[in-house]
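Here's the letter readout for the chains.
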2 protein chains.
Amino acid sequence: MTLPLLSQLEHSDARSLRSDLVAGLTTAIMLIPQAMAYAMLAGLDPIIGLYASTLPIALYALLGTSRQLAVGPVAMVSLLVASGIGAIGAEDPAQVAALAALLALMVGGIQWGIGAARLGFLVKFLSHPVIAGFTSAAALIIGFSQLKHLLGLDLARSHHVHTLLLQALSQLDQVNLLTLAISGTSIALLLGLKRFAPRFPRFLLVVVGGTVLVWALGLEASGVAIVGAVPGGLPALRVPELDWATVLALAPIAITIALVSFMESISVASNFARANRYDIDADQELKALGLANVASGVFQGYPVTGGFSRTAVNGQAGAQSGVAGLVTSAVVVVTLLVLTPLFHYLPKAVLAAIIMTAVFGLVDVKEARHLARVSRSDLALMGLTFIATLTLGIEPGIGVGVAASLLWFVWRTSTPHVAVLGRLANTTIYRNVARHPDAEITPGVLALRIDAPLYFANTAFLKGIIDRHLAGQDVHHLVLDAKAIGSVDAQALDWLAQLLESLERQGVTLWLAGVRGPVRDALLASGLAAAIGVEHFVERVHQAFDLIPAGEVRSFSDRLRP
Amino acid sequence: MTLPLLSQLEHSDARSLRSDLVAGLTTAIMLIPQAMAYAMLAGLDPIIGLYASTLPIALYALLGTSRQLAVGPVAMVSLLVASGIGAIGAEDPAQVAALAALLALMVGGIQWGIGAARLGFLVKFLSHPVIAGFTSAAALIIGFSQLKHLLGLDLARSHHVHTLLLQALSQLDQVNLLTLAISGTSIALLLGLKRFAPRFPRFLLVVVGGTVLVWALGLEASGVAIVGAVPGGLPALRVPELDWATVLALAPIAITIALVSFMESISVASNFARANRYDIDADQELKALGLANVASGVFQGYPVTGGFSRTAVNGQAGAQSGVAGLVTSAVVVVTLLVLTPLFHYLPKAVLAAIIMTAVFGLVDVKEARHLARVSRSDLALMGLTFIATLTLGIEPGIGVGVAASLLWFVWRTSTPHVAVLGRLANTTIYRNVARHPDAEITPGVLALRIDAPLYFANTAFLKGIIDRHLAGQDVHHLVLDAKAIGSVDAQALDWLAQLLESLERQGVTLWLAGVRGPVRDALLASGLAAAIGVEHFVERVHQAFDLIPAGEVRSFSDRLRP
């Protein structure tokens, strides 16, 4: 296999490489403060965010199939890391860092394994409404988790928005006003510049401005929390200890992070691939992300993935290939070697402001509005996931969402849409009489269309419907339009056999129109096709009516007439 | 609401009441030893089986909608009770009895609640293959659990067949030969009489024979285990203590029993209702069974339900209404008042033989053979449930079965059947070219039929298929036969919008044939119908071909010709 980066560079020239260089630099300027902020969000030392932005980014640049995707620490994954490590109850910074690295190694292993096993399709069970609900709730949790840094309060860690709010309210008199001024100004600058001067390096501005301000005025003495001593130099190779009990305890969160981070990454990558007319390979993406996370795990980092906002910046700045990622990674390396002493006076409130403004946009009101218009049930699923994530927590929340969306689908197909068909005047077309009130119903003949695969969960429902339609009516022929029946299982075959028997007892002949190949195979194998009689299988509904003896139909209608 | 029994008696006469009397008596003769045996299987004193056969049976007779269903202790539920109480680790007989009664109360409450909420349909998620696999495994577990009584060994309680077998083998030298002779003879008589003289009261014979033999020869002194002192009199009203922690601990098994016992009951009741041409009401059945279980719970009983074998006997003996059940219940009351001293010398080996022969028939080889013929995937589900129940245990086993059958359904619809359509010569019928190799494909036009609802889990798969079919072909029209698409969700709508956009970029026009009402509504609400263009919606596939400009189609075919 050739390195994906090499095939990306096939048609590159000096111009595209210069474009990559600019994009890589621009992204790095955004990445460095974000990486530190997100590490803080994950409950880690800010430096760990930078460690996770060295080799992992370079590896993805070499192995990934997206030309624009900007990999590194992201808000959602950082929150999941905080939640997972918090659940274990680790407090000591060195131990927390070791757990975060182990988590990255596990996430990488899982992602690589899913990619190598070509199981990338697994993510399809995370539907858009579930992701939107989960992301919106996570954004709120992330936002409120930064209250302590924004206000300079000493709040206990919690993933419950109301707990954080209540704590903050009860300590309102202890707010550090200087800290509040710094975070307020930072938020205003970040939002204002994003709106009115989107290409201005706003992250650089607030980081440099905040740091210089604190250093020049000695604000740390007045209670403004600062990042403090940041060790210089590159991360060291330190393979996390694989303690079996810890691995087991981290397994659920590692699986969640592996899937959520891949999901985020693949959606961003797909969007940019579509816009730039190239293809991405989901399984190769998983392997590339997996190896990036493994690298993060063994070089003192924590889980990374491709993020929304930085990829957008990378793309807008002109990234044409993974070379942009290599440049970003190199800038972070230089920063680690030379610039870390400068971060000493960086106020934590600035980092919190960066997180806060980044997650504002993740509360997906637009998707909720869209769903309200096209599908109330999907809106309900989004709402359920949102509420479950806020109240039950991050991992149970997404679990509830996935389970509910699968059950909802099963539920829907277990009470399928069934239409009574009537003939449109002067045609051979049979349509739902509920939608076409003028469609003619032939007396003595009941024509039904079932719009779902037949399987164990809907046979009882269908029996009820058919019984209701037959009850008290003088019906001698039942025509089932089977075009929308994509499959039958064994229980549905048993049910059809019972239906046939009960119809025979009632003197009703069964006709089947447009039976699909797979269904026909099952009917043949079970002997049901012979019991129904091959002469009762027709291609189209009207053909059944053509075959029903005319005298028979007429006699019913005569009887029905006064 | 009138009492269901009263409406059953509307057309009754002296003859039908006499028939009920005979059936009730016959069933009681079978029930009394079975109830004692099943209570033993549940790890309870045999008398508790009789207690559970008094008021609960009478209540069901008054409230149930089945005219033949014989309610009382059954093997499967008894095994579940043993498993649930065993998991709590209770040992003291009084405590075990209290837990069993509490379980009956909880099961009753759950069943009544499901019935009152009209949620009886919930049982449809237990598919036949899952029930068959579960029942077969449970039958083996039940059968082997009786080894200790059949051989007179002191085996430790276990729900693992291999553990029980290994234990028995290691103690083979300690087998009590007298016990073995009694159980061997009982099994031979029960099976032989069932085969050759099915109407002979075989249960009465082995119970009376075994008791007389032990009493006359003083066999209990030689190590033949007997039932021992059985307290006389009716059960007392004793409401179980509702300790919250215990209720929570029993909740999963109570839910399992509530569903499994209703499932068993409703299948039997439905079979007899179908054969005797009357209707049963699932929700009323749940309420009746629920109240029977509540009564069992407050009168020192344990969970009951309608069973396969006794209902068959009741029906064959001529039961016409719930009066048969009232008679059965009265016979049990008389037995409790007068006959309990006679059970003192009843050998446990006889009760074990009754259980053993009852469950032989539950290993459902016939269903496995049937499934092998009609549906391999359903056979696999049955096998999976069977193995999971044997290895993981009773409750996880059925859980694995239900989850696997739902996931399998989702999985199948997430990789739906897609057919390329071609025109059958000299017709307007378009069929799957894989099944009709002679069907003509029009060059430049790709006609596809998707046989599943469109939803979040299958859009990625369908995108792959459509991309593959379009790749490298000179296609200018895509005709989607949408007749088998029963529904679309929000994600599928997004996907269709993207598909439309990508088709437009490739210069491909999209046509939709036979779009269903609910799908059409969703397309209209989302604005997609307008984007596709109403003129591209047709009723039948051939109409799309009729509308495609003839010159356009010809020019493609010309280009394809050498």
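Residues numbered from 1 in each chain as written. Chains lettered and ligands numbered in written order. Predicted model: local features only at pLDDT ≥ 70, side-chain atom pairs only at ≥ 80, totals over all residues. Heavy atoms only, no water.

## Quick look at the overall build of chain A
- The number of helices and strands found in chain A is 25 helices and 8 strands.
- In terms of overall size, chain A is more extended than a compact globule, its C-alpha atoms giving a radius of gyration of 31 Å where 562 residues would be expected to give roughly 24 Å.
- By principal-axis analysis of the C-alpha atoms, chain A measures approximately 100 × 60 × 50 Å.
- In chain A, buried positions account for 56% of the 562 residues. (Helix = DSSP H or I, 4+ residues; strand = E, 2+ residues; numbered from the N terminus. Rg over C-alpha atoms; globule rule 2.2 N^0.38 Å. Buried < 20%, exposed > 50% of the residue type's maximum accessible area, 1.4 Å probe, protein only.)

## Side note on the relation of the copies chain B and chain A
- It takes a turn of 179° to lay chain B on chain A, together with a shift of 0.0 Å along the axis; the resulting RMSD is 0.2 Å. Taken together, the rotation and translation relating the two chain copies correspond to the operation of a two-fold axis. Taking C-alpha positions as reference, the residue of chain B nearest the rotation axis is alanine 484 of chain B, located at 1.7 Å.
- A share of 100% of interface residues in chain B that are also interface residues in chain A marks the association as one of identical surfaces. (Least-squares fit on C-alpha atoms with pLDDT ≥ 70 in both. Contact = heavy atoms within 4.5 Å.)

## Topic: the environment of phenylalanine 360 of chain B
- Along the chain, phenylalanine 360 of chain B turns up in helix H16 (residues 348-360).
- Between the C-alpha atoms of phenylalanine 360 of chain B and serine 136 of chain B, which are 224 residues apart in sequence, the distance is 9.1 Å.

## Let's talk about the interface of chain B and chain A
- Contacts between the two partners involve 57 residues from chain B and, on the opposite side, 57 residues from chain A.
- Of the roughly 5,400 Å² buried between chain B and chain A on both sides combined, carbon and sulfur atoms contribute 57%.
- Taken together, the connections running from chain B to chain A amount to 6 salt bridges.
- Residues aspartate 521 of chain A and arginine 435 of chain B are paired through a salt bridge, measuring 2.5 Å at the closest nitrogen-oxygen approach.
- Where chain B meets chain A, there are 15 residue pairs in polar contact (both at pLDDT 80 or more).
- Elements represented by at least two residues in the side of chain B that touches chain A include exactly helix H7 (128-145), helix H17 (365-374), helix H19 (394-414), helix H21 (490-505) and helix H22 (517-525) of chain B. (Buried area = accessible area lost by both parts, 1.4 Å probe. Salt bridge = Lys/Arg side-chain N within 4 Å of Asp/Glu carboxyl O. Polar contact = N/O pair within 3.5 Å; in protein donor to acceptor, adjacent residues only side chain to side chain.)

## Digging into the confidence of the model for chain A
All names here are of chain A.
- Per-residue confidence for chain A gives a mean pLDDT of 88, with 97% of residues at or over 70.
- Across residues 554-562, where pLDDT falls below 50, the model places 8 contacts with residues more than four positions away in sequence or in other chains.
- Interface confidence for the predicted complex, given as ipTM, is 0.72, next to a pTM of 0.72. (pLDDT = per-residue confidence, 0-100.)

## Overview of the pairing of strand E7 (residues 509-513) of chain A
Residues and elements named next belong to chain A.
- Buried residues dominate E7, accounting for 4 of its 5 residues.
- The pairing of strand E6 (residues 477-481) with E7 spans 5 bridges and is parallel. Along E7, the bridge assignment pairs leucine 480 with leucine 512.
- Regarding the hand of the β-α-β motif, the stretch spanning E6, helix H21 (residues 490-505) and E7 is right-handed.
- Relative to strand E8 (residues 537-538), E7 runs parallel, the two sharing 2 bridges. In the sheet register, leucine 512 faces E8, and the bridge partner there is phenylalanine 537. (Pairing = 2+ DSSP bridges. Right-handed = clockwise from strand over helix to strand, strands pointing away.)

## Considerations on helix H12 (residues 244-275) of chain A
Residues and elements named next belong to chain A.
- If you check H12, its first and last C-alpha atoms are 44 Å apart, about what 32 residues at 1.5 Å a residue would give, namely 46 Å.
- Largest kink in H12: about 50°, centred on alanine 251, with the proline proline 252 one to four residues after it.
- A positive backbone phi angle near 55° is found at arginine 277, which sits one or two residues after H12. (Expected span 1.5 Å × (residues − 1). Bend = angle between axes of the 7 residues up to and from the residue.)

## Here we look at the environment of proline 347 of chain A
Residues and elements named next belong to chain A.
- The topology assignment puts proline 347 in the loop between helix H15 (323-339) and helix H16 (348-360).
- Residue classification places proline 347 among the buried residues on the basis of a relative accessible area of 0%.
- Spatially, the C-alpha atom of proline 347 lies 9.1 Å from that of histidine 149, the residues being 198 residues apart in sequence.
- In this structure proline 347 touches Ile182, Gly210, Thr211, Val214, Val224, Ala225 and Ile226, once residues within four positions along its chain are discounted.

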